[in-house]
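# Close look at the chain arrangement
Given next are the chains, with one letter for each unit.
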Amino acid sequence: MALPDLRYPAAPRADVVDDYHGTLVPDPYRWMEDADHPDLKQWLADQDALCQPWLAALPHKAAWRDAQARLLPGAISAPAVRGDRLFLHRREPGEQHAKFLVREGDGTERVLFDPTLVDPSGLTTLDVATVSPDGARAIIGVSSGGDEDTAISVYDVETLELLDGPIDRTRYTAVAWLPSGTEFFYVRRLTPESFNRRVFRHVIGQPIDSDLLVFGEGRDPSTYYGLDISLDGASLAITAAVGTEPRNDVYLYDVEAGGAPVVLAVGLDAQHSVHFVHGRTFVSTTLDAPKGRLVEVLDAAAGPDAWRTVVPEHATAVIDDVATVEQGFLISRSDHAVSEVIIAPYDGGDVQTVGLPGAGTAMIAGRYDHGSGGYITYTDFVSAPTVYAV
């Protein structure tokens, strides 16, 4: 198909120059950063008028669409196990957004949340979907128009009744459920502005003004928080990272006693994540191990000097993710950009390699209750993402 003589709309260059410490940096298209600028709106309309007739005249569009649908399948997530229920995300071919589903013990499936059903325009996205330990309640967080300014709500899984919310200012929130399923820890901003996050404890059905402030007062306003809780709900791990720095601090909070959290690691040039298993506390860390290692915390108050290595740093493979199952740590790591998955005993010792379909990318999911088996989502250049049980 011969290309027509296309004459593209002119994009005027403005005389805009920034002075950065004596270095002059031209920015002639600054006006294009303003979505409401009349010149930008006209330029986009002219581009569209140029493009659309040419696209409409392309032959074999239907065949191309059919081939694309055949070669670009949908997607499915590894399930989260809660009792005899499985919770997962699935996007069918041709769908813009994935649905959040529950699969009952008898194999039947129900849609818990469908972003497209809520907003046919496609501008509403599902940002948070987490389920209580007993599988009875779900927290759904959504945002609209790409602003990522999430608001979370609590629903009854059986009836889909709205139990609480929406709670606004929860962009990038982590959630840690208490065992009862009637309370949870979460992260919320104090004001509509993008900063000043705090960790709160919320009781479902109670006003958010009565939420207990747990952590974050007096810290850097740009701090992000991560949350992990032990299965019995006794200990809460809080990670704190300033902005996008590749390091974080870790604190342990006594859920029953309250008060100030215990410092587990602070001011170190390393990243950490906490894993509670059967009354023991483990940390995945890059401290003294740039490729990652797993340690057990023998005395929280004693700091990293009291950590015992249970999975040492590998010579070449970098730890990507860690999950917990009955057999031990389910670990995904990458060696020269190729994934491998291992199971490492909690007390150290020889690891077991999990066979993968090929040389590709693997993501892992463990069990909330540390039960037997986990899940691996595998894909490569010629394989659609597929979920395997371990």
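See the structure shown above.
Remember, predicted model here, so these are calculated numbers, not experimental data. (Residues numbered from 1 in each chain as written. Predicted model: local features only at pLDDT ≥ 70, side-chain atom pairs only at ≥ 80, totals over all residues. Heavy atoms only, no water.)

Direction of pairing for strand β1 (residues 17–20) relative to strand β2 (residues 23–26): antiparallel, over a ladder of four bridges. Note on β2: the bridge partner recorded for V17 is P26. Connecting β1 to the next strand, β2, in antiparallel fashion are two residues, including H21 with a positive phi near 55°. (Pairing = 2+ DSSP bridges. Helix = DSSP H or I, 4+ residues; strand = E, 2+ residues; numbered from the N terminus.)

Take G145: it is sitting in the loop between β9 (137–144) and β10 (151–156). Expressed as a C-alpha distance, the spacing of G145 and A300, which sit 155 residues apart in the sequence, is 43 Å.

Attention shifts here to empty space enclosed by the protein. Where empty space is left becomes clear once a probe the size of a water molecule has been rolled over the atoms. Counted under the stated rule, the structure contains two cavities of 30 Å³ or more. Counted as a void, the largest cavity has a volume near 40 Å³. Every residue along the wall of the largest cavity is listed here: L112, A138, I140, Y155, D156, V157 and L160. If you list the elements that add at least two residues to the lining of the largest cavity, you get β9 and β10. In this model, the second largest cavity occupies a volume close to 30 Å³. What lines the second largest cavity is K291, G292, V311, P312, H314, A317, I319 and R333. Among the residues making up the lining of the second largest cavity, the classes are represented as four nonpolar, two polar and two charged. (1 Å grid on protein atoms, 1.4 Å probe; cavity = no way out; pocket = protein on both sides within 12 Å on 5 of 7 lines; lining within 4 Å. Points joined across faces, edges and corners; volume = space filled by probe spheres on them. Nonpolar A, V, L, I, M, F, W, Y, C, P; charged D, E, K, R; others polar.)

Here the structure, examined in full by the defined rule, presents 22 salt bridges. A salt bridge links R90 to E92, with the shortest nitrogen-to-oxygen separation between them at 4.0 Å. Taking relative accessible area as the criterion, E92 reaches 36% and is therefore assigned partly exposed. Between R333 and E340 there is a salt bridge, with the nearest N and O atoms lying 2.5 Å from each other. Here the residues in one salt-bridge network are R85, E104, R110 and E158, joined through shared partners. (Salt bridge = Lys/Arg side-chain N within 4 Å of Asp/Glu carboxyl O. Buried < 20%, exposed > 50% of the residue type's maximum accessible area, 1.4 Å probe, protein only.)

A word on the sheet that holds strand β17 (residues 235–242). Overall, antiparallel pairing links the four strands, which are arranged β16-β17-β18-β19 in an open sheet. In this open sheet, the two strands that pair with only one neighbour each are β16 (223–229) and β19 (262–265). In this sheet, adjacent strand axes meet at a mean angle of 25° when their direction is disregarded. Relative to β17, β16 runs antiparallel, the two being bridged by seven bridges. By the bridge assignment, G226 is partnered in β17 with T239. (Axes fitted to C-alpha atoms, helices over the stretch in contact; angles between N-to-C directions.)

This paragraph deals with the layout of surface pockets. Approximately 1300 Å³ is the volume found for the largest pocket. Those elements that place two or more of their residues in the lining of the largest pocket are β4 (80–82), β5 (85–91), β8 (124–131), β12 (175–177), β16, β20 (272–277), β24 (318–325) and β28 (361–365). Class assignment for the residues of the lining of the largest pocket results in 25 nonpolar, ten polar and four charged.

With that settled, the discussion passes to the nonpolar core. Looking at soluble globular proteins, one finds that nonpolar side chains tend to be buried together. F185, V199, L227, L236 and I238 are the most contacted members of the largest nonpolar core, which has 17 residues in total. Sorting the residues of this core by element identifies β13 (183–189), β15 (212–215), β16, β17 and β18 (249–254) as the ones contributing at least two each. Membership of the second largest hydrophobic core comes to 13 residues, among which are A237, V274, F276 and V297. (Core = buried A, V, L, I, M, F, W, Y, C linked by side-chain atoms within 4.5 Å.)

Counted by the stated rule, this structure contains eleven aromatic pairs. Ring centres of Y172 and Y224 lie 6.0 Å apart, and the angle between their planes is 50°; this geometry places the pair in the tilted category. Of this pair, Y172 sits in the loop between β11 (162–167) and β12 while Y224 sits in strand β16, and the two are 52 residues apart along the sequence. The exposure class assigned to Y172 is partly exposed, which follows from its relative accessible area of 43%. Between F215 and Y225 the ring centres are 5.8 Å apart and the planes differ by 85°, which places this aromatic pair in the edge-to-face class. Highlighted residues: F215 in strand β15 and Y225 in strand β16, separated in sequence by ten residues. With a relative accessible area of 10%, F215 lands in the buried category. (Phe/Tyr/Trp six-rings, centres within 6.5 Å; stacked < 30°, edge-to-face > 60°.)

Looking at the secondary structure, you find R367 in the loop between β28 and β29 (375–380). Polar side-chain contacts of R367 include one of 3.3 Å to the backbone oxygen of S372. Apart from residues lying up to four places away in sequence, R367 is in contact with V81, T324, V325, S372 and G373. (Polar contact = N/O pair within 3.5 Å; in protein donor to acceptor, adjacent residues only side chain to side chain. Contact = heavy atoms within 4.5 Å.)

In terms of backbone geometry, most residues other than glycine have negative phi values and most peptide bonds are trans. Going from G165 to P166, the amide bond is cis rather than trans, its omega being 5°. For P166, the position within the fold is in strand β11.

Residue position: A45 is located in helix α1 (residues 38–56). Taking the C-alpha atoms as reference, A45 lies 38 Å from V382; in sequence the two are 337 residues apart.

The next thing to look at is the side chain of D114. Its location among the elements puts D114 in the loop between β7 (109–113) and α3 (115–118). Buried and unpaired, D114 has K99 as its nearest opposite-charge partner, separated by 4.3 Å. Polar side-chain contacts of D114 include one of 3.0 Å to the backbone nitrogen of T116. (Lys, Arg positive; Asp, Glu negative; His and termini not counted.)

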